[in-house]
Amino acid sequence: MLIVCWSPVMVEVWNGPGDKKTVEGPSRMPAPIRLRELIRTIRTARTQAEEREMIQKECAAIRSSFREEDNTYRCRNVAKLLYMHMLGYPAHFGQLECLKLIASQKFTDKRIGYLGAMLLLDERQDVHLLMTNCIKNDLNHSTQYVQGLALCTLGCMGSSEMCRDLAGEVEKLLKTSNSYLRKKAALCAVHVIRKVPELMEMFLPATKNLLSEKNHGNLTKYCDTSSRFCFFDPFLQVRILRLLRILGKGDDDSSEAMNDILAQVATNTETSKNVGNAILYETVLTIMDIKSESGLRVLAINILGRFLLNNDKNIRYVALTSLLKTVQTDHNAVQRHRSTIVDCLKDLDVSIKRRAMELSFALVNGNNIRGMMKELLYFLDSCDPEFKADCASGVFLAAEKYAPSKRWHIDTIMRVLTTAGSYVRDDSVPNLIQLITNSVEMHAYTVQRLYKALLDDISQQPLVQVASWCIGEYGDLLVSGQCEEEEPIQVTEDEVLDVLEGLLVSNLSTPVTRGYALTAIMKLSTRFTSVNRIKKVVSIYGSSIDVELQQRAVEYNALFKKYDHMRPALLERMPIMEKTASNGPTEIVQTNGEAEPSVVEAKHPPPVTQPTNQVRTVFSLYIITKNTRIPPMTAYNKNGLKIDFTFERANPNPNIAVITIHASNSTEADMTDFVFQAAVPKTFQLQLLSPSSNVVPTLNQGTVTQVIRVLNPQKQQLRMRIKLTYTHKGSAVQDLAEVNNFPPQSWQ
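Residues numbered from 1 in each chain as written. Predicted model: local features only at pLDDT ≥ 70, side-chain atom pairs only at ≥ 80, totals over all residues. Heavy atoms only, no water.

An unreviewed UniProt entry lists the protein chain under the name AP-1 complex subunit gamma, with Astatotilapia calliptera given as the organism. Comment text from UniProt for the protein chain, heading Sequence similarities (unreviewed entry), reads "Belongs to the adaptor complexes large subunit family." (UniProt positions renumbered as here; feature names shortened; annotations may be inferred.)

Dropping the structure here:
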């Protein structure tokens, strides 16, 4: 008799009593550790290197098991492999093992196999097509849970080819009486339609029957693919409201049919709980998106107004955001909640304050300008530094558009410069200078106010720059005491020069401010009698270590020495700066990144001196004259960002084209960290000045401007490559574009 006994490493053979023979047999792999043990072991790793060592050791054991075609522990090994995949380690070598598990008859194997397929496979890999037949068989399986696994997998990673092949089985399960399968089939049908839109007609009859479904989960899935309200399920209501929003957008008949039901929901929904607020918010969004009647829109805005009084800051935030979107179309209705909106400026939440500030500026008009500016200026005084730049810019824009008088306008801008001068944007200085220049009757009042402000505080550099410019232009009015708007002050020429010379040596003054102060002193040589003192000051700065200041002083010295007969005409008062003027009027010039009015008028040639830097002198000694004959152009228009170019000519050098970019943003979010860069061929010379801001405001509420100077001595066709970088909705955006369609008048 032959008896065989298996042991893990050897075989014992008995031929009978007293006869025993041992021979070596095939070796079997030890049982692999369970998933739970693997997780516990990995968690004991103290370092990343120790964890990698554990993972590599276990992967080696799993590979060996796969090579041995060990069916007993394949499911366990794939489960461990999926866990390692979730930790970020490669697990692609388990793809075929997943397919083997899917083909198994055991439910536990199928479950892990389908899970592995959803994690390790996608439609970019051809191997996923190998399981098409298995999925088809499982869709027709007698067990609903196996059918559910197949539906989940197809709905998760099915390619267009698989969806075409299996659409019939999905449509069949969509009609089944089993609600468990109908829900999963509806989800799978959504994926199939997205992959193969032409198959939508196949599913329409079955999905229509889902409207009579009592299971709310199935109804929700139907709303995702394609109305009845059930006031006991808020999730279902929200989905139906979103569906109505899609159906009614741009459709007059559908919108009219929805008006009554939306009005009922808006008036009857209980708001004591957050669930009711969520439904009301979706109702408001639906009313605003469809072509609803005016009374219903007013009701929706009133709901948002009530939201502003809610204690939940999230509800207040979404209300402000929604009102900001609708203020342009329903301005009067939103105005009724102006006081509540202004109160939100005092909220402790930063996001709510920002939205309230943006909405407040959107509500400003000619009727409420005084009251709204009072509130916004109070906010500017007390707000955090991160708000000051945007708030100051908004005040400037609103004052320019709705100012009731020039004095009020000047007082408002000066208030901003006094309280938040360090935060204002670069274009505020030239804009205020232009405003003052054009307000002839306010010159004496303005220069007196600015002189007083200068005596109180010289830390606000934009304010100091404007004050220096005004004193240089209207210093004679200051010392003469001709102010009629308020009680004049008594000041002498020496006191005024003392203040300006103090700015030149102050540690608080920037190089730009010193340039303003020196130019102001130079202009006073034609308005004051202290010419010798002014000559001395100018000559001192001819050897300044500041190259820009030195260049100015050298040029001004040349005026005294070589062109003294021209000095009174060259330094006479600036004419009115009309934005719409064509040919002639002098405009504010930006030199090397700063804004400063030129002391040379268009009808007089500039003084000629030896330049310290040829390129800078080429660009700095010129006057811009308006030229409406050069048509503007759109250089870039993509993703809501639009870049327009306007053109001007520089005198006395016609080879310099001055291009001003205007960046606007039509999206619903600000574009921050905006940077515009440009490059031209080697035959050109380009100078790019500082932008007015690095934030392009939302919904075309403002523009960012930047000046480009292009020297084109050979009169060649202008070509430019631009690079745009900005942040939008938290994502960094970068784009390149070629601009080759410049109007001929800009370069000929």
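Now that the structure has been shown, the text picks up again.
Novice: Provide a residue-level description of the pattern of salt bridges, including the pertinent values.
Specialist: Going through the model one piece at a time under the given rule, you end up with 30 salt bridges. Ionic pairing is found between E171 and K175, a salt bridge with its closest N-O pair at 2.7 Å. The class of E171 is buried, set by a relative accessible area of 14%. Close ionic contact of D476 with R573 constitutes a salt bridge, the shortest N to O distance being 2.6 Å. Here D476, found in helix α25 (residues 461-480), pairs with R573, found in the loop between α30 (567-570) and β4 (588-591); they are 97 residues apart in sequence, far enough to count as distant. A relative accessible area of 26% means that D476 is categorised as partly exposed. One network of salt bridges, with partners in common, ties together E69, R74, E97 and K100. (Salt bridge = Lys/Arg side-chain N within 4 Å of Asp/Glu carboxyl O. Buried < 20%, exposed > 50% of the residue type's maximum accessible area, 1.4 Å probe, protein only. Helix = DSSP H or I, 4+ residues; strand = E, 2+ residues; numbered from the N terminus.)

Novice: Outline the packing of aromatic side chains, listing residues and values.
Specialist: Scanning the entire structure with this criterion turns up seven aromatic pairs. Geometrically, the ring pair formed by F379 and F387 is edge-to-face, given 5.9 Å between the ring centres and 65° between the ring planes. The class for F379 is buried, based on a relative accessible area of 5%. Just above the ring of F93 sits the side chain of R63; from NZ or CZ to the centre is 3.9 Å. (Phe/Tyr/Trp six-rings, centres within 6.5 Å; stacked < 30°, edge-to-face > 60°. Lys NZ or Arg CZ within 6 Å of the ring centre and 35° of its normal.)

Novice: With reference to specific residues and values, describe the environment of A467.
Specialist: Position of A467 among the secondary structure elements: in helix α25. Discounting chain neighbours no more than four positions away, the residues touching A467 are L450 and L454. (Contact = heavy atoms within 4.5 Å.)

Novice: Give a description of the side chain of R245 that names residues and reports values.
Specialist: Checked against the element boundaries, R245 lands in helix α12 (residues 234-248). Taking the relative accessible area as the measure of exposure, R245 reaches 16% and is therefore buried. Excluding residues within four positions of it along the chain, R245 makes contact with E282, L285, T286, D289 and I290.

Novice: Explain the sheet that holds strand β14 (residues 731-739) to me, using residue names and the numbers behind them.
Specialist: Note on sheets: strands pair through backbone hydrogen bonds, and any given pair is parallel or antiparallel. Reading across the sheet, the three strands line up as β10-β13-β14 and stay open at both edges, with antiparallel pairing between neighbours. Whereas interior strands pair on both sides, the edge strands pair on one side only; in this sheet they are β10 (671-679) and β14. The sheet shows a mean angle of 15° between the axes of neighbouring strands, direction not considered. By the bridge criterion, seven bridges tie β10 to strand β13 (residues 720-728) in an arrangement that is antiparallel. When the sheet's bridge partners are listed, A679 is paired in β13 with R721. (Pairing = 2+ DSSP bridges. Axes fitted to C-alpha atoms, helices over the stretch in contact; angles between N-to-C directions.)

Novice: Outline unusual backbone geometry, listing residues and values.
Specialist: One non-glycine residue with positive phi stands out, namely N639, at about 55°. As for its position among the elements, N639 is in the loop between β7 (633-638) and β8 (641-651). If you check the backbone angles, K729 has positive phi at about 55° while not being a glycine. By secondary structure assignment, the location of K729 is in the loop between β13 and β14. K729 gets classed as exposed once you look at its relative accessible area, which sits at 63%.

Novice: So, the nonpolar core: which residues are in play, and what are the values?
Specialist: Of all hydrophobic cores here, the largest spans 117 residues; its most connected members are M373 and V496. The element best represented in this core is α25, accounting for 10 residues. Ranked by size, the runner-up nonpolar core spans 34 residues in total, among them V127, L149, L173 and A206. (Core = buried A, V, L, I, M, F, W, Y, C linked by side-chain atoms within 4.5 Å.)

Novice: Which residues make up a nonpolar patch on the surface, and what values go with them?
Specialist: Nonpolar side chains collect at one region of the surface, where M86, L115 and L119 lie side by side and expose about 290 Å² of accessible area between them. With respect to the helices, strands and loops of the structure, L115 is situated in helix α5 (residues 107-120). For L115, a relative accessible area of 39% gives the class partly exposed. (Patch = residues over 30% accessible without salt bridge, like charges linked within 9 Å, V, L, I, M, F, W, Y side chains within 5 Å. Areas by Shrake-Rupley, 256 points an atom, 1.4 Å probe, with all protein chains shown as cover.)

Novice: Break down a negative patch on the surface for me, citing the residues and quoting the values.
Specialist: On the surface, D253, E256, D260 and E293 cluster together into a patch of negative charge. Overall, D253 belongs to the exposed group, its relative accessible area being 61%. (Lys, Arg positive; Asp, Glu negative; His and termini not counted. Charge placed at Lys NZ, Arg CZ, Asp CG, Glu CD.)

Novice: How would you sum up the pairing of strand β9 (residues 656-665)? Please name residues and give values.
Specialist: In terms of residue burial, β9 counts as a mostly covered element, since nine of its 10 residues are buried. Where β9 lies against strand β12 (residues 704-711), eight bridges are found, and the strand directions are antiparallel. Looking across to β12, one finds that V658 is bridged to R709.

Novice: Can you break down the packing of α12 against helix α13 (residues 252-268) residue by residue, with the values?
Specialist: In contact at an axis separation of 9 Å, α12 and α13 are set at 150° when each is read in the N-to-C sense. By the angle between their axes, α12 is roughly antiparallel relative to α13. The two elements α12 and α13 meet at a crossing, and its hand is left-handed. The segment α12 lies against α13, with L241, L244, L247 and G248 engaging S254, S255, M258 and L262. Split into classes, the residues belonging to the contact of α12 with α13 amount to five nonpolar, three polar and no charged. (Parallel < 35°, antiparallel > 145°, perpendicular 65-115°, else oblique. Left-handed = near helix turned anticlockwise from the far one by under 90°. Nonpolar A, V, L, I, M, F, W, Y, C, P; charged D, E, K, R; others polar.)

Novice: Quick one: what's the story with the environment of T72, residue by residue and with numbers?
Specialist: Tracing the chain through its elements places T72 in the loop between α2 (48-67) and α3 (74-86). Looking at T72, the relative accessible area reads 61%, which means it is exposed. Separated by 41 residues in sequence, T72 and A31 have C-alpha atoms that sit 9.3 Å apart.

Novice: Hey, could you go over helix α28 (residues 531-540) for me, with residue numbers and the actual values?
Specialist: Every buried residue belonging to α28 is among I534, V537 and V538, and all of these are buried. Considered in projection along α28, the buried side chains sweep an arc of 95° and stay on one side of the axis. Turned more than 90 degrees off the buried face of α28, the exposed positions are N532 and K536. Looking at the buried side of α28, the elements it contacts are α26 (493-505), α27 (511-523) and α29 (547-561). (Arc of directions from axis to C-beta.)

Novice: Describe the environment of L82, and please don't skip the residues or the numbers.
Specialist: Looking at the secondary structure, you find L82 in helix α3. Relative accessible area serves as the criterion here: at 4%, L82 is assigned to the buried category. Sequence separation of L82 and L119 is 37 residues, and the distance between their C-alpha atoms is 7.7 Å. The residues touching L82, leaving out its near neighbours within four places in the chain, are I112, L115, G116, L119 and L120.

Novice: Account for the confidence of the model for the protein chain, naming residues and giving values.
Specialist: Per-residue confidence for the protein chain gives a mean pLDDT of 82, with 85% of residues at or over 70. Segment residues 1-26 is flagged for pLDDT under 50; beyond a separation of four residues in sequence, or across chains, it makes 37 contacts in the model. Across residues 580-615, where pLDDT falls below 50, the model places 105 contacts with residues more than four positions away in sequence or in other chains. (pLDDT = per-residue confidence, 0-100.)

Novice: Run through the packing of α28 against α29, naming residues and quoting values.
Specialist: For the pair α28 and α29, the least separation of the axes is 9 Å and the interaxial angle reads 140°. Where α28 crosses over α29, the handedness of that crossing is left-handed. Residue-level inspection shows V531, I534, K535, V538 and S539 of α28 in contact with α29, the latter providing A553, Y556, N557 and F560.

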